[in-house]
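Structural characterization, general
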There are 2 protein chains.
Amino acid sequence: MNIALIGFGVVGQGFVEALHKKSMQLQDEHSFSAQVVAVTTRSRGALYHPDGLDLQALLETGGGPLADYPDTDGLQRDLSTMQIITESNAHVIVELAYSNLETGQPAIDHVKAAFNASKHVVLANKGPVALAFAELNALAAEKGVQFLYEATVMAGTPSLQLAQQAMRGTTIFSVRGILNGTTNYILTRMEAGMPYAAALAESQEKGYAEADPTADVDGWDAAGKVLILAGALFGKTLTFDDMDVQGIAHLMPEDIETAAAAGERYKLIAEATPDGGSVKPVRLPVSNPLAGVGGATNAITLSTDLMGDVTLIGAGAGKLETGFAILSDILLIHDRTK
Amino acid sequence: MNIALIGFGVVGQGFVEALHKKSMQLQDEHSFSAQVVAVTTRSRGALYHPDGLDLQALLETGGGPLADYPDTDGLQRDLSTMQIITESNAHVIVELAYSNLETGQPAIDHVKAAFNASKHVVLANKGPVALAFAELNALAAEKGVQFLYEATVMAGTPSLQLAQQAMRGTTIFSVRGILNGTTNYILTRMEAGMPYAAALAESQEKGYAEADPTADVDGWDAAGKVLILAGALFGKTLTFDDMDVQGIAHLMPEDIETAAAAGERYKLIAEATPDGGSVKPVRLPVSNPLAGVGGATNAITLSTDLMGDVTLIGAGAGKLETGFAILSDILLIHDRTK
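Described below are features of the structure shown in this document.

Turning next to the overall build of chain A. Counting secondary structure elements, chain A contains twelve helices and twelve strands. For a compact globule of 338 residues, the expected C-alpha radius of gyration is about 20 Å, and chain A comes in at 21 Å, within 12% of that figure. With the C-alpha coordinates aligned to their principal axes, the bounding extent of chain A is approximately 70 × 45 × 40 Å. Per-residue burial over chain A gives 59% buried out of 338 residues. Considering only contacts within chain A whose residues lie at least 6 apart along the sequence, 68% involve residues at least 24 apart.

Relative to chain A, chain B is turned by 180 degrees and slid 0.0 Å along the rotation axis, the superposed coordinates differing by an RMSD of 0.0 Å. The superposition of one copy onto the other is thereby described by a two-fold rotation axis. For chain B, the minimum C-alpha distance to the rotation axis belongs to L312(B) and amounts to 2.3 Å. When you check the interface residues of chain B against chain A, 100% turn up at the interface there too, and the contact is symmetric in its surfaces.

Let us now look at the interface of chain B and chain A. Taken together, the contact pairs 37 residues of chain B with 37 residues of chain A. Of all residues in chain B, R168(B), L306(B) and M307(B) bury the most surface against chain A, accounting for 24% of the area lost on that side. The tally of links from chain B across to chain A stands at four salt bridges. Across the salt bridge formed by D335(A) and R168(B), the nearest N and O atoms sit 2.9 Å from each other. Between chain B and chain A we count 14 residue pairs in polar contact (both at pLDDT 80 or more) in total. Secondary structure elements with two or more residues in the side of chain B that touches chain A: α1 (10–30), α6 (159–166), β12 (308–314) and α12 (319–337) of chain B. The leading source of residues in the side of chain B that touches chain A is α12(B), at seven residues. Among the residues making up the side of chain B that touches chain A, the classes are represented as 17 nonpolar, 14 polar and six charged.

All names here are of chain B. The strand order across the open sheet built from six strands is β3-β2-β1-β4-β5-β6, with neighbouring strands paired in mixed fashion. One side of each edge strand has no neighbouring strand; the edge strands of this open sheet are β3 (46–48) and β6 (147–148). In this fold α1 packs onto β1 (2–6) and β2 (35–40), with an angle of close to 155 degrees to the strand it touches most, β1.

Time to look at the pattern of salt bridges. Tallying each qualifying case throughout the model produces 24 salt bridges over all chains. Two residues, D71(B) and R77(B), come together in a salt bridge whose shortest N-O distance is 3.0 Å. On the accessibility criterion, D71(B) (62% relative accessible area) is exposed. Residues joined in a network through salt bridges with shared partners are E17(A), K21(A) and K319(A).

Bringing the sheet that holds strand β3 (residues 46–48) of chain A into the picture now. All names here are of chain A. Spatial ordering of the open sheet is given by β3-β2-β1-β4-β5-β6, a layout of six strands whose pairing is mixed. For this open sheet the edge positions go to β3 and β6 (147–148), each flanked by a neighbour on one side alone. Pairing of strand β4 (residues 92–95) with strand β5 (residues 120–123) involves four bridges; the strand directions are parallel. Across the sheet, the residue bridging to I93 is V121, located in β5. Contacts from helix α1 (residues 10–30) reach β1 (2–6) and β2 (35–40), with the element oriented near 155 degrees to β1. Against the sheet, helix α12 (residues 319–337) touches β1, β4, β5 and β6, its axis set at about 155 degrees to β5.

Reading guide: rules and limits
- Residues numbered from 1 in each chain as written.
- Chains lettered and ligands numbered in written order.
- Predicted model: local features only at pLDDT ≥ 70, side-chain atom pairs only at ≥ 80, totals over all residues.
- Heavy atoms only, no water.
- Helix = DSSP H or I, 4+ residues; strand = E, 2+ residues; numbered from the N terminus.
- Rg over C-alpha atoms; globule rule 2.2 N^0.38 Å.
- Buried < 20%, exposed > 50% of the residue type's maximum accessible area, 1.4 Å probe, protein only.
- Contact = heavy atoms within 4.5 Å.
- Least-squares fit on C-alpha atoms with pLDDT ≥ 70 in both.
- Buried area = accessible area lost by both parts, 1.4 Å probe.
- Salt bridge = Lys/Arg side-chain N within 4 Å of Asp/Glu carboxyl O.
- Polar contact = N/O pair within 3.5 Å; in protein donor to acceptor, adjacent residues only side chain to side chain.
- Nonpolar A, V, L, I, M, F, W, Y, C, P; charged D, E, K, R; others polar.
- Pairing = 2+ DSSP bridges.
- Axes fitted to C-alpha atoms, helices over the stretch in contact; angles between N-to-C directions.

As structure tokens, this is what we get:
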């Protein structure tokens, strides 16, 4: 299987590292082998070799200029991203480039171009799934190609594979989760007695929160994941305007203490149902499996007809963890197309 | 797809109920349709119709004599279980009959006969997987048929599908879990201040514990699941004699209190690694996701290289829940053979 990476930041490097480490195991256990034939970046150059790039040499560029990748016979450095999507011998386009959550561009155009070239797409990038799910899903179906995006919710923790594969046959009534690690870390620290501002500063020191933490603490990052889950699980097109989105910045230490005294715990809960979605702080009894999820960990609870509640807890971010999500989607494509 | 059920107790009825409820949804969403062509029981008769039995009429026998199922053209009532396994037009044999955990019989013979007749097997019955995993797995591979047993660990909560499908590509170092609902219920009640004997009596009243609770409270039920996980995830053949198996009957209210005072909680933890397995009460910090699992719920944590720890929490028993496990395995066979 030939793979092209659009973007080569932390997640792209995590994926290449996972693939490189695991290539023998994947060959032995799943008869799976893959080449990365192309990498493109916005400002650090591009590489294309129809026989595959050297993964070790690629990792050694370390997120620096791709000019550092050694010259070999047949290597091309001058193709544009669109040329690589449409003209390369890649079977799978992995879209990892930055895209903003307002327009979803340029990723949406990349995904459409890939589908129109009959290529499968794997996304780590929330924009296209959050903003253009129905259109992209329909186009993928029309072209008979796969459209997978496990990395967009809980990194490699298989939240979508659980809902879309393992729980097939159940009817899912709702999905509720802790889908933003930064806010969960802050709430966990506040419960240990730290004021909001200090907990936020600590989460920035640890690299969980961005310098501008608005998207996390005001709930918008989690809301983007609600859009994805609504589309993926319920075929429901939501926009940010359709949702009640609240963050955690208004929570006071007294609120946390009052909840604790009542045997409850505040969590920023993202919810999608067939009727809509929301993100807001919710007081959960400590016996709720989501209440026990501490630190930067993520979790999701599916409420179903045949199985009641099923909860999955795991990493929600991380280089190898998100890289694994890409690998996992590519293995699904391998299964479905062999 | 034609299905034969060996055994028609609670789980068999749960499966037929799930299939009956979901047949339209399965057809629409997964292009899946199935007939139950045969049902055999030890003492309540047998039914075989190559065109499929009527599911509603089957459910109306309610676990009573199959003689109550109405006569129709082409219905045969006189086939033995072995005849149904080898001579019917079933593609999948679902083995649900009682088998003891010492010999695994008669289920092991049923499974072998099915494989030799080139039929797939789905098991709800722990015996064959716990006691003859390597042999049965090799025979299934040789015959090119599927051998699935999701129901044997955590009912329909997709513990095996998580480990064997969704986490493919990771290396799993260990699996630890709460795999016996009865003991977890008792420990949860003891933590609320109830003495062991009273908590056991309450769990019997609620139908979680058997009249003879030995297999649960002494850890043997969980140990059977460790044998299955060791075989399924690590290709490791264990026997009960290889394992340190302890139950919860020796835990005193003081032990529980001492743990609580230290911010910890006793759980009966079943563990399998590539090197072996064990079942024993372990004091977990309350921040561990397994510590938050209360009542009769089950849970499993996979420790992996790429993804760290991933935890799945859900029902570990129940009529529809175990019926769903069978359905889920049959959907996997549908995927893999279409």
